[in-house]
Amino acid sequence: AVAALTPKRLAGERILVTAGPTLEEIDPVRFISNHSSGKMGYAIARQAQLKGAEVTLVTGPTALAAPHGVKVIRVQSAAEMRDAVMGLLERTDIVIKAAAVADYRPKSRSGEKMKKSAAALSIELEKNPDILAEIGGMKGERLLVGFAAETQELVKNATAKLNAKNLDLVVANDVSQEGAGFNVDTNIAKLLYRDGRVEALPMMGKEELAGEILERVELLRGEGAG
Ligand code: CTP
Ligand code: CA
């Protein structure tokens with residue numbers, strides 16, 4: 001019934017959504033990762049499908065079921081997410097990057113389980129590719145939406161990401177605020193645009209926020225941005 005009531009305003013748009021954390025293995029039993037339930041990205045994928053878009057969801061490990069009618073590609077590491085996203089880019093009009101990508105990965109992965117013999121342990125990390133920045137560098141006619149998770153100077157830091165990654169819209173979250181962030185069902189977001197506009201949204205459910213974000217995406221596509 002809900003689907004029938006949703007205007008198909010994104011019909012014909014090919015939307016790529018990323019969601020969830022990435023997971024970087026240290027050895028066969030250990031990994032480093034980020035806090036992320038995947039709920040925000042899955043909600044965006046679901047709502048975009050209801051609005052008539054052709055949706056592909058590239059997702060790190062989550063406990064969530066695949067949204068109805070959405071093509072799901074499961075990945076583990078940031079490197080795998082990058083390869084999946086880059087492979088899909090040519091057939092994509094809109095990219096929405098909600099994934100919490102691990103910024104670093106262990107420089108080498110031990111093939112055997114590391115034993116706890118040492119009193120202290122350091123693991124050398126190397127930087128992962130910045131997937132969104134890479135897409136921003138070859139943007140073409142695409143519309144790019146990024147997320148920014150911050151604990152301080154929200155607008156300043158998120159604006160820097162918008163510019164550095166060549167984005168059309170940034171969904172900025174102060175993840176240290178109660179009712180925002182990773183493992184709750186609500187979010188408090190500020191939407192930042194290329195022209196410097198900042199739109200503060202009230203606390204709302206992630207499903208509702210997904211609808212708000214996609215409404216802005218429709219408007220930006222209408223204006224010919226991207
Ligand atoms: N992102 C990405 N690839 C990465 C890191 C981040 O595509 N290796 C994307 C995220 O999916 C998000 C945006 O970039 O849409 C911002 O992520 P965030 O972690 O907030 O910012 P970073 O650029 O990684 O900077 P920092 O973590 O230092 O704040
Ligand atoms: Ca990061």
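The model shown is predicted, which means the values in this text are computed figures rather than measured ones. (Residues numbered from 1 in each chain as written. Chains lettered and ligands numbered in written order. Predicted model: local features only at pLDDT ≥ 70, side-chain atom pairs only at ≥ 80, totals over all residues. Heavy atoms only, no water.)

Colleague: Can you help me understand the packing of helix H2 (residues 39–50) against helix H6 (residues 206–223) in this one?
Modeller: Packed helices, taken two at a time, are described by the angle their axes make and the gap between the axes. At a minimum axis distance of 8 Å, the contact between H2 and H6 shows a crossing angle of 55°. In terms of axis orientation, H2 runs oblique to H6. In this structure, H2 meets H6 at a crossing whose hand is right-handed. Residues Lys39, Met40, Ala43, Ile44, Arg46, Gln47 and Ala48 of H2 form the contact with H6, whose participating residues are Lys206, Glu207, Leu209, Ala210, Gly211, Ile213 and Leu214. Residues of the contact of H2 with H6, tallied by class, amount to eight nonpolar, two polar and four charged. (Axes fitted to C-alpha atoms, helices over the stretch in contact; angles between N-to-C directions. Helix = DSSP H or I, 4+ residues; strand = E, 2+ residues; numbered from the N terminus. Parallel < 35°, antiparallel > 145°, perpendicular 65-115°, else oblique. Left-handed = near helix turned anticlockwise from the far one by under 90°. Contact = heavy atoms within 4.5 Å. Nonpolar A, V, L, I, M, F, W, Y, C, P; charged D, E, K, R; others polar.)

Colleague: Would you take a moment to explain the site of ligand 1 for this structure?
Modeller: As a structural note, the neighbourhood of ligand 1 is formed by 14 residues, with Lys97, Ala99, Pro129, Lys161 and Lys165 the closest of them. Pro129 is positioned such that a nitrogen or oxygen atom in its backbone is 2.8 Å from a nitrogen atom of ligand 1. At 3.0 Å, a backbone N or O of Phe147 approaches an oxygen atom of ligand 1. At four residues, the largest contribution of residues to the shell around ligand 1 is made by strand E9 (residues 143–150). (Near = heavy atom within 4 Å. Polar contact = N/O pair within 3.5 Å; in protein donor to acceptor, adjacent residues only side chain to side chain.)

Colleague: Please explain H6 as it appears in this structure.
Modeller: Side chains three or four residues apart in an α-helix point the same way, a direct result of the helix having 3.6 residues per turn. Over its 18 residues, H6 runs 26 Å from end to end, which matches the ideal 26 Å to within 8%, given 1.5 Å per residue. Of the residues trailing H6, Gly224 is marked for its positive phi of about 85°. (Expected span 1.5 Å × (residues − 1).)

Colleague: What exactly am I supposed to notice about the side chain of Glu13 here?
Modeller: Along the chain, Glu13 turns up in the loop between helix H1 (2–5) and strand E1 (14–19). Setting aside residues up to four positions removed in sequence, Glu13 forms contacts with Ala53, Glu54, Asp93, Ile94 and Arg221.

Colleague: Explain helix H5 (residues 154–164) to me, please; I cannot follow it from the model alone.
Modeller: Where H5 is concerned, the buried positions are Leu154, Ala158 and Leu162. Projected down its long axis, H5 shows its buried positions confined to an angular sector of 55°, all on one face. Exposed side chains of H5 directed beyond 90 degrees from the buried face belong to Lys156, Asn163 and Ala164. Positioned one or two residues after H5, Asn166 has a phi angle of 60°, which is positive. (Buried < 20%, exposed > 50% of the residue type's maximum accessible area, 1.4 Å probe, protein only. Arc of directions from axis to C-beta.)

Colleague: What am I meant to see in the environment of Val101 here?
Modeller: One can find Val101 in the loop between strand E6 (94–97) and strand E7 (104–106). In this structure, the C-alpha to C-alpha distance between Val101 and Ala79, residues 22 residues apart in sequence, is 9.7 Å. Residue contacts for Val101: discarding those within four places in its chain leaves Thr22, Asn34, Ala78, Met81 and Ile131.

Colleague: Explanation requested: the environment of Gly52 in the structure shown.
Modeller: When you line up the elements, Gly52 lands in the loop between H2 and strand E4 (54–59). On the basis of relative accessibility, which here comes to 25%, the residue Gly52 falls in the partly exposed class. Every residue in contact with Gly52, bar those within four places of it in the chain, is listed here: Lys8, Leu10, Ala11 and Gly12.

Colleague: Quick question: what am I supposed to make of the nonpolar core here?
Modeller: Inside soluble globular proteins, nonpolar side chains tend to come together where they are buried. Counting 33 residues, the largest nonpolar core has Ile15, Val17, Ile44, Ile96, Phe147, Ile213 and Val217 as its most contacted members. Looking at this core, the elements that each hand over two or more residues are E1, H2, E4, E6, E9, strand E10 (169–174), strand E12 (189–193) and H6. Other than its neighbours up to four places away in sequence, Ile15 contacts Leu10, Ala48, Ala53, Glu54, Val55, Thr56, Ile94 and Ile96. (Core = buried A, V, L, I, M, F, W, Y, C linked by side-chain atoms within 4.5 Å.)

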